[in-house]
Every structure is written in structure tokens, then in C-alpha cells.
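Coordinates in review
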Amino acid sequence: MTNSSDDLRLWNTAATAYTETVSGPGDSFYRRMHGFLWSRLGSVDDLDILDLGCGHGWLAEQIRQAGARVTGIDGSQSLLTTARSDYPEIDFHQYDLTLGLPDPARRYDRIVAHMVLMDIPVLDRLFADIAAALPDTGVFVFSILHPAFFNHKVIDDDSGRERYRKVTGYLEQETRWIESFGGHRHYHRPLSWYAEKLTAHGLVITGIHEPLSLPRNDIPESEWTDYQRWFSTIPTMLAMSCAPARQMVDRRRG
């Protein structure tokens, strides 16, 4: 048994606060991922793209404006109500992602999952469906909160003039409570777990990105404080790109 039903209830409750806080392209997490995401997607004109865990739909709209046919899937009906209202040209579906994809037979040229996988309690079926949904030339790119450094307390020791994150646990999988947006669960898994699960379900990691931790407001680096400069050096977000394993086999044969 998983917490998926209760997780979706929590996200429905948090939808208004989340929508008001994560405002779209100006969000610091998207600004960190932007370059890596689009370098992996390439030109999306006339491609079929799946935005997995699309929330209130702002990223799906960015991709649609780049010329793609976009489908958005999310577990939260409340977030999707906003998405459908704001972006009526996109096809949005509500589905519990612990069960995988709602139509495993459908194919997508690219699949994007921005800041969602760490909020899903079970990923095996989803990873298997993603691998099956991609053509040989397909790309899966996702971002998560960094398993090693996110949510570990910042220690600012003025006496010793030290700043660091106090990592108190890493290898053990844990369910953690996060207060953001009114409260929700975070499923901590080490990086090796993601690598093993992805490969076990037919996906090969083709890129890893650990971006600088940016200030919440989009200000030039020349205007960062000393604290912001230090804070940027420990990543709190991680992004990966993957391809179907059969794509790698075909390349070696070629």
C-alpha cells in the first residue's frame, strides 16, 4: 500500500499556495534547469511531448509555444482545473502516477517531468511505461530535489566563519514531511536508487546536471550577496536526461 491517495489529497489542498508560489518561467528551479532541459529537448516543433506531473500547466505552455503538441498529466485535480482554465489549447489528464501512464500504448517523442518524481511514492510502473512510450530516438528529461543536499540545515557559524549544510542521512530511503505549500510528503531516495531503477526499466542515463542554487529573485550574479554566492555552490536540485536502452544498442550497431 502507498500513500498516493492521501498525497493527492494534500496536493489538492496545496494547489492554490503552490500556484501562487511557483509562478512559471521566473521560478528559481526552472531557471536552474532551463538550459539543460532545452539542450536535451532540442527543437520540439511538430513533436508530441508529455509533461508528466504538469501541475498548473505553465511548463506545458512553454513547450507548446515552442511548436510541440503537448499532453499534460497530473494527479491533482485542483491543479489541473487551473491548468485547463489558463491553457485551453493543451490536453490535460488527471491520473495517479503511481499506476504509471494512463495510456501505456501511446507514444511521445519527448517526456518531461519537472520537480515531481520525489513526490511520488512508487515509481516502478511509471519508469517502465516511460521507457515503453518513447521511440528509439526519444528523450526523457527530469528534475528532482537533490537527494544529497536538499532540506539539510544550513549552518552559519560566525565564530568559525564557516558555512555548510549538515547532511544527517543519505543512503536510507525515507518519507519526509515538507512544510512548503501547506505540507506534503517527500520520498527521499539516493542517486544510486534512481540510476538502478531507470536502467532496470530500460532507460539509460545520458546526462546529469547539478545547477547552481539560485536566489529566489532573478538578479544578476554581480549583485549576489556573499551568502548567496556560497549558497549557490551546493546544489539543491538535480536534473537527468535518459534515452531508451535500445537507442544505445542501435548506436553501437551503427
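Residues numbered from 1 in each chain as written. Predicted model: local features only at pLDDT ≥ 70, side-chain atom pairs only at ≥ 80, totals over all residues. Heavy atoms only, no water.

**Focus: the pairing of strand β9 (residues 184-188)**
Of all 5 residues in β9, 5 are buried; the element is thus mostly enclosed. Where burial is concerned, the two faces of β9 agree: the one with His184, His186 and His188 and the one with Arg185 and Tyr187 are both buried. In sequence, strand β8 (residues 174-178) turns back onto β9 through a hairpin of 5 residues, with phenylalanine 181 there showing a positive phi of about 65 degrees. (Buried < 20%, exposed > 50% of the residue type's maximum accessible area, 1.4 Å probe, protein only. Helix = DSSP H or I, 4+ residues; strand = E, 2+ residues; numbered from the N terminus. Pairing = 2+ DSSP bridges.)

**Considering the layout of surface pockets**
By rolling a water-sized probe across the atoms, one finds the places where empty space is left. Approximately 1000 Å³ is the volume attributed to the largest pocket. Forming the walls of the largest pocket are 49 residues, and the residues nearest its centre are Tyr18, Met115, Met118, Asp119 and Phe181. The set of elements that each furnish at least two residues to the lining of the largest pocket consists of α1 (4-21), α2 (28-41), α3 (58-65) and β9. The element that contributes the greatest number of residues to the lining of the largest pocket is α1, accounting for 6 residues. In terms of residue class, the lining of the largest pocket is made up of 23 nonpolar, 16 polar and 10 charged. (1 Å grid on protein atoms, 1.4 Å probe; cavity = no way out; pocket = protein on both sides within 12 Å on 5 of 7 lines; lining within 4 Å. Points joined across faces, edges and corners; volume = space filled by probe spheres on them. Nonpolar A, V, L, I, M, F, W, Y, C, P; charged D, E, K, R; others polar.)

**Digging into the nonpolar core**
Of all hydrophobic cores here, the largest spans 63 residues; its most connected members are Leu117 and Phe140. Excluding its chain neighbours within four sequence positions, the residues that come into contact with leucine 117 are Leu123, Leu126, Phe127, Phe140, Phe142, Ile144, Arg189 and Tyr194. (Core = buried A, V, L, I, M, F, W, Y, C linked by side-chain atoms within 4.5 Å. Contact = heavy atoms within 4.5 Å.)

**Re the sheet that holds strand β1 (residues 48-52)**
Consider a sheet: its strands pair through backbone hydrogen bonds, and that pairing is either parallel or antiparallel. Reading across the sheet, the 7 strands line up as β3-β2-β1-β4-β5-β11-β10 and stay open at both edges, with mixed pairing between neighbours. One side of each edge strand has no neighbouring strand; the edge strands of this open sheet are β3 (91-94) and β10 (203-209). In this sheet, neighbouring strand axes are inclined to one another by 20 degrees on average, regardless of whether the strands run parallel or antiparallel. Alignment of strand β2 (residues 69-74) against β3, held across 4 bridges, turns out to be parallel. (Axes fitted to C-alpha atoms, helices over the stretch in contact; angles between N-to-C directions.)

**Observations concerning the side chain of arginine 189**
Tracing the chain through its elements places arginine 189 in the loop between β9 and α6 (191-200). Looking at arginine 189, its side chain comes within polar contact range of the main-chain oxygen of leucine 117, at 3.1 Å. A polar contact of 3.0 Å, which involves the side chain of arginine 189, links it to the backbone oxygen of proline 121. (Polar contact = N/O pair within 3.5 Å; in protein donor to acceptor, adjacent residues only side chain to side chain.)

**Some words on the packing of aromatic side chains**
Counting across every chain of the model gives 10 aromatic pairs. On the basis of an interplanar angle of 85 degrees and a centroid distance of 5.1 Å, the ring pair of tyrosine 30 and tryptophan 58 is categorised as edge-to-face. Within this pair, whereas tyrosine 30 is found in helix α2, its partner tryptophan 58 is found in helix α3, the two being separated by 28 residues in sequence. Since its relative accessible area comes to 4%, tyrosine 30 is described here as buried. One aromatic cluster is present, formed by Phe140, Phe142, Trp193 and Tyr194 through successive ring pairs. (Phe/Tyr/Trp six-rings, centres within 6.5 Å; stacked < 30°, edge-to-face > 60°.)

**Considering the environment of threonine 236**
Within the fold, threonine 236 resides in the loop between α7 (226-232) and β11 (237-244). What makes threonine 236 buried here is its relative accessible area of 6%. Once the C-alpha coordinates of threonine 236 and serine 5 are considered, the two residues, 231 residues apart in sequence, prove to be 27 Å apart. Contact partners of threonine 236, with chain neighbours within four places excluded, come to Phe29, Arg32, Leu145, His146, Phe150, Arg165 and Ser213. A polar contact of 2.8 Å, which involves the side chain of threonine 236, links it to the side chain of arginine 32.

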